[in-house]
Amino acid sequence: MGVTAKIPGGRLRRGAALSVAGLVAAPALVLGTGTAAQAASCSTSAGPHQKQVEKFLKRPVDGKQSAADCKAIQKFQKAHGITPTIGYAGPLTWRTMNTMLAQKAAGKNPNKAGKCPTDKGRIACVDLTRQLSWIQDGKKLKYGPVPVRTGRDGAETRTGAKKIYWRSVNHWSTIYKVWMPHSQFFDGGQAFHSVTKSMYNPPGSGGCVNMRPADAKAYWKLLKNGDDVYVYGRKPGT
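Residues numbered from 1 in each chain as written. Predicted model: local features only at pLDDT ≥ 70, side-chain atom pairs only at ≥ 80, totals over all residues. Heavy atoms only, no water.

## Concerning the side chain of Thr93
The line we're drawing: Secondary structure elements follow DSSP: runs of H or I of four or more residues count as helices, runs of E of two or more count as strands, with numbering from the N terminus. Relative accessible area decides the class of each residue, using a 1.4 Å probe on protein chains only: under 20% of the type maximum gives buried, over 50% gives exposed, and in between gives partly exposed.
Within the secondary structure, Thr93 sits in helix H3 (residues 91–106). Of the residues examined, Thr93 reaches a relative accessible area of 0% and is grouped as buried.

Right, here's the structure in full:
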């Protein structure tokens, strides 16, 4: 989500836009004469990632689409805003699941590879590849890791060493006319802030690091102006 906001000194900083849901590769829908709601509700085709998706959803892994498979895939797609929601095991659905698996594998040691600096004291780390963020103090994990939603293709969250320079507890986006609670800006218009949609809603934000409300609130309590932020990696699909 983005913002044009006045910061100390009277300058305007322009952020990035909240994005709309992306499309997953799938067979063509059979449309009726009415609205899109009349489209075919379930794909009978096995997708290119059928077996991986079946395994993730704890379905029988046979690589064949069944009515039960389709319903399980549709439920997952609806929960995370993946469209078209027709139960097709396409690239976007599997990529989302694969990101979730990488996040789960991180456990309570997200900085095992040492990619986020440990010599800065309190620092908020953002791993774009795994779509994870956490706060550490030296090598000690203080909060997280938690799933985040970062910039979509063409509006990526910028990588590198940053610092929080402005905070707004109940920020209002003058561009998109929406609230951005617990905003903490660290790079131009890019900020940590909460959203109410799924962290896996494609294709991503307009550059901000979207967070679940409870996580954004925790970050607000733990961080302050001048604290370090380090962003690295590359978001899947960008």
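There is more to say after this.
## Focus: the sheet that holds strand S7 (residues 166–172)
How we decide: Strands qualify as paired when DSSP identifies two bridges or more between them. A fitted line through C-alpha atoms serves as each axis, taken over the contacting stretch for helices, and the angle formed by two N-to-C directions is quoted from 0 to 180°. The contact rule is simple, with two residues in contact once any of their heavy atoms fall within 4.5 Å.
Across the sheet, four strands lie side by side as S7-S8-S9-S10; this open sheet has mixed pairing. The strands lining the two open edges of the sheet, one partner per strand, are S7 and strand S10 (209–211). This sheet shows a mean twist of 20° between the axes of neighbouring strands, independent of strand direction. Looking at chain direction, strand S9 (residues 190–194) and S10 are connected through three bridges and run parallel. Each bridged residue has a counterpart across the sheet, and for His193 the counterpart in S10 is Asn210. Docked against the sheet, helix H4 (residues 213–222) engages S7, strand S8 (179–187), S9 and S10, running at close to 50° with respect to S8.

## Remarks on the UniProt feature "active site" (unreviewed entry) in the chain
The criterion, for reference: UniProt positions are given in the numbering used here, feature names are shortened, and annotations may be inferred rather than shown by experiment.
Following the UniProt record, one finds the feature "active site" (unreviewed entry) at His193 and Cys208. Taking the farthest pair of C-alpha atoms as the criterion, the annotated set spanning 16 residues converges on one region, since that pair is 7.5 Å apart. Examined against the element boundaries, His193 turns out to sit in strand S9. What makes His193 buried here is its relative accessible area of 0%. In this structure, Cys208 sits in the loop between S9 and S10.

## A few points about the sheet that holds strand S5 (residues 140–147)
Through backbone hydrogen bonds, the strands of a sheet pair up, either in parallel or in antiparallel fashion. Here five strands make up an open sheet; going across it, the order is S5-S4-S3-S11-S6 and the pairing mixed. What marks the edges here is a single partner per strand, and that holds for S5 and strand S6 (160–163). For this sheet, the mean inter-axis angle between neighbouring strands, taken without regard to orientation, is 20°. Judged from the six bridges that link them, strand S3 (residues 122–127) and strand S4 (residues 132–137) form a sheet pairing that is antiparallel. Paired with Asp127 across the strands is Leu132, a residue of S4. Against the sheet, H4 makes contact with S3, S4 and S5, and its axis sits at roughly 155° relative to S5, the strand it touches most.

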